Amino acid sequence: MDTQNYHQYLESVITIAKSAGAAIMQVYATDFSVENKDDNSPLTQADLAAHHVIVNALKQLTPDIPILSEESEGIDEEIRRSWAQYWLIDPLDGTREFVKRNGEFTVNIALIDKHTSVLGVVYAPVDDLLYFATATHGAYKQAGASPAFKIHTKALDPKRPIIAGSRSHSDEKMQCFLHNIKNHTGLMPELINMGSSLKICLVAEGRADVYPRLGPTSEWDTAAAHCILQEAGGDIVEVSGSALRYNTKRSLLNPMFFASGKNSQRWEAYL
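Novice: Any chance you could explain the packing of aromatic side chains here in plain terms?
Specialist: By convention here, two paired aromatic rings are described through the distance between centres and the angle between planes. In this structure the tally under the stated criterion is 12 aromatic pairs. Ring geometry for tyrosine 9 against tryptophan 87: centres 5.9 Å apart, planes inclined by 65°, an arrangement best described as edge-to-face. In this pair, tyrosine 9 is assigned in the loop between α1 (3-8) and α2 (10-28) and tryptophan 87 in strand β4 (residues 85-93), connecting sequence segments 78 residues apart. Take tyrosine 9 and tryptophan 87: they sit in the same class, and that class is buried. On the numbers, 6.3 Å between centres and 50° between planes, the contact of phenylalanine 177 with tryptophan 267 is tilted.

Novice: How should I be thinking about the sheet that holds β4 in this particular structure?
Specialist: Hydrogen bonds along the backbone pair up the strands of a sheet, which may run parallel or antiparallel. Pairing is mixed in the open sheet, where 7 strands are placed in the order β3-β4-β5-β6-β7-β8-β9. Two strands lie at the open edges of the sheet, namely β3 (67-69) and β9 (149-150), each paired on one side alone. As paired strands, strand β5 (residues 106-113) and strand β6 (residues 116-124) are joined by 7 bridges and run antiparallel to one another. Within the sheet, the bridge partner assigned to alanine 110 lies in β6 and is glycine 120.

Novice: Help me understand unusual backbone geometry in this model?
Specialist: Most peptide bonds take the trans form, and the phi angle of most residues other than glycine is negative. In the Ramachandran plot, lysine 114 falls in the positive-phi region, its phi being about 50° despite a non-glycine side chain. Mapped onto the elements, lysine 114 comes out in the loop between β5 and β6. The phi angle at aspartate 128 is positive, at roughly 50°, despite the residue not being glycine. Given the relative accessible area of 30%, aspartate 128 is considered partly exposed.

Novice: Got a minute to help me understand the nonpolar core in this structure?
Specialist: Among soluble globular proteins, nonpolar side chains are generally buried collectively. Counting 39 residues, the largest nonpolar core has Leu88, Tyr131 and Ile228 as its most contacted members. Contacts of isoleucine 228, omitting those with residues within four sequence positions, involve Gly120, Val122, Tyr131, Phe132, Ala133, Ala139, Ile151 and Ala204. Listed in part, the 34 residues of the second largest apolar core include Trp87, Phe105, Ile109 and Val118.

Novice: Looking at this structure, how should I read the environment of leucine 88?
Specialist: Here leucine 88 shows up in strand β4. When its relative accessible area of 1% is taken as the criterion, leucine 88 is described as buried. Linking leucine 88 and serine 240, residues 152 residues apart in sequence, is a C-alpha distance of 24 Å.

Rules used in this analysis
- Residues numbered from 1 in each chain as written.
- Predicted model: local features only at pLDDT ≥ 70, side-chain atom pairs only at ≥ 80, totals over all residues.
- Heavy atoms only, no water.
- Phe/Tyr/Trp six-rings, centres within 6.5 Å; stacked < 30°, edge-to-face > 60°.
- Helix = DSSP H or I, 4+ residues; strand = E, 2+ residues; numbered from the N terminus.
- Buried < 20%, exposed > 50% of the residue type's maximum accessible area, 1.4 Å probe, protein only.
- Pairing = 2+ DSSP bridges.
- Core = buried A, V, L, I, M, F, W, Y, C linked by side-chain atoms within 4.5 Å.
- Contact = heavy atoms within 4.5 Å.

Functional significance is not addressed by these values, which are geometric in nature.
Structure representation (structure tokens):
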């Protein structure tokens, strides 16, 4: 599958993400109930409604490409590891933000080819905000009915780094990271708190320099925004410095990582 072929799916996937967003907003308008999954993370009717919308539509769009969703039943590792391409989706990224009703949740749809995200769509339905990219075609942002425009990572001002942080997952490691930067620059860095994969999108559009994720995430949390960030001039790298890859191991958990502009800084020095 060449890059032109990835690109042919983009408009359909944007439509699918918006349909999933509409399903989520129908639940958002109600007095919805919340269950807890095995890992104690919340699950709502909205997650499941969006899952069904996306899976059914992708099966029609590409019957031969398998789908891995946060809400999928566990797929055997041997089967999954045999896939050359697959859709990797998080039907509702930021369920905690959804439950808090702060609007900072997204629909994430990515196409993975050979362990790399080659198409990414991130849609925030409350603000009708869309980010999208395909490999070699650039990264774009679109708000409502306004025209889409190309986005790029920013050049780092080493004295005033801007950090994107998790609204629901701040911890001691993050506080330590911020204080280590302060010890180096003499100033406490600016912190933008945001939910879901919108943090990676903040880096892609040049509003933040880095999003340090110092706790666990799953591969479906990062894949869609990863393609957007790469096409905007950045990347997601592990603490070791190697780029984050998909479907390479038994676990679907990501290691700690930094989402940033390319070659912007050795961020792991501040851990």
